[in-house]
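Fold and geometry: a report
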Amino acid sequence: MEQTCAKTIQPGLERMEWMLERLDHPERRLKFIHIAGTNGKGSTAAMIASVLKEAGFSVGMFVSPYVLSWHERIQFDGQPMDESSFVRWVNELKPLIEKMAEEGPGAPSHFEFWTLVSLCYFAKEACPWFVVWETGMGGRFDSTNVVYPLVSVITEIGYDHQKWLGKTLEEIATEKAGIIKPGVPVICGSKKEEALSVIKRVAKDKHSRLYMYNEDFSATAHHQDLDEQRFTFENVYRKLENLSLPLAGDHQLQNAATALMTLEILRQNYATVIEPEHYLNGLKKTAWPGRLEKAGDRPHIRLDGAHNTEGIKALVQTIKKYGSRYRRIGFMIAMMKDKPVREMLEHLAQTADFVVTTSLEEHARSLGAEELAHMLKEINPDLNVVPVQGEQDALHVFQNQLNDDDLGIVAGSLYLVSAVRPLLMNHGGRQGLT
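Within any chain, residue numbers begin from 1 and follow the written order of that chain's sequence. With pLDDT at 70 or above as the cut-off, local features in this predicted model cover only qualifying residues; side-chain atom pairs require 80 or more to be listed or tallied, and sums for whole chains, interfaces and linings still use all residues. Values reported for side chains reflect all heavy atoms of the structure, with hydrogen atoms and water molecules removed beforehand.

Going by what an unreviewed UniProt entry lists, the chain is known as Dihydrofolate synthase/folylpolyglutamate synthase and is assigned to Thermoactinomyces intermedius. UniProt positions are given in the numbering used here, feature names are shortened, and annotations may be inferred rather than shown by experiment. As its UniProt record puts it under Subunit (unreviewed entry), the chain is described as follows: "Monomer."

You can see Leu-280 is positioned in helix 9 (residues 276-284). Residues Leu-280 and Asp-77, 203 residues apart in the sequence, show an inter-C-alpha distance of 18 Å. What counts as a helix is a DSSP run of H or I of at least four residues, what counts as a strand is a run of E of at least two, and both are numbered from the N terminus.

Moving on to the pattern of salt bridges. Salt-bridge detection follows one rule: a side-chain nitrogen of Lys or Arg within 4 Å of a carboxyl oxygen of Asp or Glu. This model, assessed by the stated rule, comprises 22 salt bridges. A salt bridge links Arg-15 to Glu-14, with the nearest nitrogen and oxygen atoms 3.2 Å apart. Assessed through its relative accessible area of 5%, Arg-15 is described here as buried. Connected through salt bridges with shared partners, the residues Asp-227, Lys-294, Asp-297 and Arg-302 form a single ionic network. In this scheme, a residue with accessible area under 20% of its type's maximum is buried, one over 50% is exposed, and one in between is partly exposed, where area comes from a 1.4 Å probe on protein chains only.

This chain's UniProt record puts "domain: Mur ligase C-terminal" (unreviewed entry) on residues 290-413. Note that residues 290-413 is 35% helix and 21% strand, and that its end C-alpha atoms are spaced 10 Å apart.

Looking now at the side chain of Glu-310. On the secondary structure map, Glu-310 appears in helix 10 (residues 309-322). For Glu-310, a relative accessible area of 15% translates into the label buried. A contact between two residues is defined here by any heavy atoms of the two lying within 4.5 Å. When near neighbours in sequence (up to four residues on either side) are disregarded, Glu-310 contacts Asn-39, Gly-158, Tyr-159 and Lys-192.

All of the buried residues in helix 11 (residues 341-348) are Val-341, Met-344, Leu-345, His-347 and Leu-348. Projected down its long axis, helix 11 carries its buried residues within an arc of 160°, all on one side. Arc definition: directions from the helix axis to the C-beta atoms.

Further remarks concern the sheet that holds strand 9 (residues 217-224). Strand order in the open sheet formed by 3 strands is 9-10-11, and the pairing between neighbours is antiparallel. Sheet topology places strand 9 and strand 11 (239-245) at the edges, where each strand pairs with a single neighbour. Sheet twist, expressed as the mean angle between neighbouring strand axes with direction ignored, is 25°. With respect to the sheet, helix 8 (residues 250-269) is in contact with strand 9, strand 10 (229-235) and strand 11, its orientation differing from that of strand 10 by roughly 40°. Where helices are involved, their axes are fitted lines through C-alpha atoms of the stretch in contact, as for all axes, and angles between N-to-C directions lie from 0 to 180°. Running over the sheet, helix 9 touches strand 10 and strand 11 and is turned about 20° from strand 11. DSSP calls a pair of strands paired once it identifies at least 2 bridges connecting them.

This is the structure in structure tokens:
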């Protein structure tokens, strides 16, 4: 299938619509919760899926990008689609994709291919009660935007993929708001007025009831640390107290409120039975790799997939808030060339005591370790920065820099998290050190 798929991003829905018509519209057999946004989509999706599963519903989930393996993109009841199912649907779709490339609107992109596989798998094999459906990039022309969901969800809006989505928050929000469908309720977790003004306008034009964070629903924290947040959730319908979330940071509290409001709409509008204990236990069981995930004690190492300005800002704010118990804060980072690297580094340099920079050997888009180090030294000449080519060697150096009373953060790219996570998890935070 690699040779059949197009190599570049191709905005537009004509290829998806061409395929779905010839597949007898599998998407019409499914009940979707459609999620768009710049940051927080994956965490919000994981929380929604966990609570629904706790309430006894079977749940499909389509997410992007993955952290551990490609199987994560398509999940059923928390388990990745197995290889035999993948092979089945690749073989079934291959003749039609080849026909589309030759006679139709052209070959699909890789993401469009994955979207088609997931729709066939969910509609014709797994048959979940709900599908938590995350956009890849944008919304309006995203390949996932061929469904008519029960509810549309928009998480925090920020600057990312500006080549495709626009240079201003208003332009980016317009693309994200493209998932709003006529008459379908919308949950918005963004706090940015530039984005909210767009989302309000689109929801009004589509006659869609809009629920906004800190207006129609909110979350109030009672205890927060790097391992747990305890909070109260309130919305236009009721209050839920003594909730617990194992994901750190105010941004995750914002995501949790967005997820809970989405579930409340399913309960209120679609007779979905979700009891208070389902919310409590489902949130508590939420697992989402690479979101300030603990990967070792002594030294304390966390993995965070922050890979844009908003993500790095949220990470730095969380570390500033809870990092005072550690003697030093160290970062191991890699970043992609097409990201706002200098802006991301400016935020990161505010809290770092030392940084190990690296490059990802299997990714041509990865910025060189020396170039990253040079940019950091320009921002903060006093910062201790060590460039190391290759993520495995960099991890050894990083661990040797860390003492037991330090906090180490691996961040800057989900690809980096994906590369080092198995190494750390298999050795309790000390990758083969003696």
